[in-house]
Number of protein chains: 2
Amino acid sequence: MNYKAFVFDAYGTLFDVHSVAQAIQKHFPNKGSQISEVWRSSQVHYFMVRQLIGGYVPFDELTRWALYDALSKNDVEPHEETISTLMKQYEHLSPFEEVRDLQKHYPHHNLTIFSNGTKSMLEPLLENNQLSHFFSLLSADEPKVYKPHREAYAYAQKQLNVGKEEILFFSSNPWDIAGATQFGFHTAWVNRQNQKWPELGIKPSYIIKDLNEIPE
Amino acid sequence: MNYKAFVFDAYGTLFDVHSVAQAIQKHFPNKGSQISEVWRSSQVHYFMVRQLIGGYVPFDELTRWALYDALSKNDVEPHEETISTLMKQYEHLSPFEEVRDLQKHYPHHNLTIFSNGTKSMLEPLLENNQLSHFFSLLSADEPKVYKPHREAYAYAQKQLNVGKEEILFFSSNPWDIAGATQFGFHTAWVNRQNQKWPELGIKPSYIIKDLNEIPE
């Protein structure tokens, strides 16, 4: 493999965003996965809308809004205290089990996270999972442009200081893979749930079932 | 009211996108509304993603892709013939019942549609519903920038040749209202289903329950 940089999306790719469902479940029995699903889909919808309409809002703020709406939509009173408790869970998401083997799969390589999350969300998440030493960290919060806007990937490339085509980017999120591929990265779609690739007029370089599968 | 232009979103606002559910139901019993829901949500997701990653794809093409994916996700073989038949339904969507009263509510005013749809989709839709004489037509396909990107609304304003604040824009879609408001139009969110306005850091000028309610 001739890639010089291995770059990973965080939410959904390295960390299971739906691992919050258990914590939610404790507060609202039988509503854990429902609320978690709406929380994530609203979060994604909101950063896309905000990126399109202009006026940057940080990811933690958008994530809080999405949670507020996910609770309301599921007939749960969105108390400030509940929201703060559940937001805290975003610093305790579980990594997928293969994550700790990444350094075995890509030895002698610098592994980088490139996420829409702010560093103030990502740093405690890595720390709480004893993963801080594994990854360098790039956040879309630095240029204030969210993935999948092309300028976000341009920022990451500039920071990595290598050619577009020397980057292999991993994500579970099709919108993220579409943006990175369109920009010119090589891409690996991590398709853990054996889903169909959506018709977006663009295809990943590789499709892998999890991070243990090495794209080639 | 001192507005000089009354501008309407088409899909979801003047026309019920879920009126296709019946036609789908005929082909796939018990799956009409499920498929219709995924068709619409994928369509919206896809034009946002394409707008963000760059490389314009026309709305009819995206709508076809979204239908393909909606069928697959609902375990229906996406035959080319089925897709063509159902795509044709997009030219036969039902207008909401208040639409024919709009000229009564806003007499002596030019009413304009501003839609992400191509004119080749919108013209037959208006014609099939005997509504062609009601509306002038602006399409995001002309500047090749989708709403809710600010440049889309800028294009509409330029074509209307009035001040931003002289435009009253109606939409049922919160992402559309958010974009138009952020750009500087006055906006009326048509909230037929009595939903909660999403936390997007921005609010409509008016919230109305349907097009019979006149914002003031």
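The structure presented is a predicted model; accordingly, all values stated were derived computationally and were not measured.

Thoughts on the domain arrangement of chain A
Residues and elements named next belong to chain A.
- Per the domain assignment, the segments of chain A are domain 1 (5–15 + 92–213) and domain 2 (17–91).
- A straight line from the C-alpha centre of domain 1 to that of domain 2 covers 22 Å.
- Facing 24 residues of domain 1, the contacting portion of domain 2 comprises 19 residues.
- Of the roughly 1,800 Å² buried between domain 1 and domain 2, counting both surfaces, carbon and sulfur atoms make up 63%.
- If you sort the residues of domain 1 by the area they bury against domain 2, Leu93, Met121 and Tyr146 come out on top, with a joint share of 37%.
- Where domain 1 packs against domain 2, one counts zero salt bridges.
- Between domain 1 and domain 2 we count eleven residue pairs in polar contact (both at pLDDT 80 or more) in total.
- For the side of domain 1 that touches domain 2, the leading source of residues is helix α6 (residues 119–128), giving five residues.
- Taken together, the residues of the side of domain 1 that touches domain 2 break down into eleven nonpolar, ten polar and three charged.

Description of the environment of Leu102(A)
All names here are of chain A.
- Counting through the fold element by element, Leu102 comes out in helix α5 (residues 102–105).
- Classification of Leu102 by relative accessible area gives buried; the value is 0%.
- As a C-alpha pair, Leu102 and Asn212 span 110 residues in sequence and 7.5 Å in three-dimensional space.
- In contact with Leu102, other than residues within four places in its own chain, are Phe8, Leu14, Leu111, Phe135 and Leu211.

Points about the pattern of salt bridges
- According to the stated counting rule, one finds 20 salt bridges over all chains in the structure shown.
- Salt-bridge contacts for Asp69(B) lead to Lys196(A); the nearest nitrogen and oxygen are separated by 3.3 Å. Residue Asp69(B) is found in helix α3 (residues 59–73), and its partner Lys196(A) is found in the loop between β7 (186–190) and β8 (206–208); the two belong to separate chains.
- For Asp69(B), a relative accessible area of 4% translates into the label buried.
- Judged by its relative accessible area of 42%, Lys196(A) falls in the partly exposed class.
- The partner of Glu166(B) in a salt bridge is Lys4(B), with the nearest N and O atoms 2.9 Å apart. Placement of the pair is Glu166(B) in the loop between α7 (150–160) and β6 (167–171) and Lys4(B) in the segment before β1 (5–8), with a sequence separation of 162 residues.
- Relative accessible area serves as the criterion here: at 52%, Lys4(B) is assigned to the exposed category.
- Within this structure, Asp9(A), Lys147(A) and Asp176(A) form a network of salt bridges that share partners.

Notes on the sheet that holds β1(B)
Residue and element names in this part refer to chain B.
- As summarised here, the arrangement of the six strands in space is β5-β4-β1-β6-β7-β8, forming an open sheet in which the pairing is parallel. Sheet topology places β5 (135–139) and β8 (206–208) at the edges, where each strand pairs with a single neighbour. In this sheet, neighbouring strand axes are inclined to one another by 25° on average, regardless of whether the strands run parallel or antiparallel.
- For β6 and strand β7 (residues 186–190), the ladder comprises four bridges, and the chain directions are parallel. If you follow Ser171 over to β7, its bridge partner there is Trp189.
- Together, β6 and β7 form the strand contacts of helix α8 (residues 174–183), whose direction differs from that of β7 by roughly 170°.

Structural notes on helix α2 (residues 32–53) of chain B
- Helix length check: α2(B), at 22 residues, gives a terminal C-alpha distance of 31 Å against a target of 32 Å (1.5 Å per residue), a fit within 8%.
- Positive phi appears at Gly54(B), one or two residues downstream of α2(B), with a value of about 90°.

Quick word on the sheet that holds strand β4 (residues 111–115) of chain A
Residue and element names in this part refer to chain A.
- Read across the open sheet, the six strands follow the order β5-β4-β1-β6-β7-β8; overall the sheet is parallel. Across the chains shown, the open sheet's two edge strands, defined by having one partner strand only, are β5 (135–139) and β8. Pairwise comparison of adjacent strand axes, ignoring direction, gives a mean angle of 25° for this sheet.
- As paired elements, β4 and β5 share five bridges and run parallel to each other. Bridged to Thr112 within β5 is Ser136.
- Sitting on the sheet, α6 is in contact with β4 and β5, with an inclination near 160° to β5.

About the cut-offs
Residues numbered from 1 in each chain as written. Chains lettered and ligands numbered in written order. Predicted model: local features only at pLDDT ≥ 70, side-chain atom pairs only at ≥ 80, totals over all residues. Heavy atoms only, no water. Domains from an automatic or database assignment. Contact = heavy atoms within 4.5 Å. Buried area = accessible area lost by both parts, 1.4 Å probe. Salt bridge = Lys/Arg side-chain N within 4 Å of Asp/Glu carboxyl O. Polar contact = N/O pair within 3.5 Å; in protein donor to acceptor, adjacent residues only side chain to side chain. Helix = DSSP H or I, 4+ residues; strand = E, 2+ residues; numbered from the N terminus. Nonpolar A, V, L, I, M, F, W, Y, C, P; charged D, E, K, R; others polar. Buried < 20%, exposed > 50% of the residue type's maximum accessible area, 1.4 Å probe, protein only. Pairing = 2+ DSSP bridges. Axes fitted to C-alpha atoms, helices over the stretch in contact; angles between N-to-C directions. Expected span 1.5 Å × (residues − 1).

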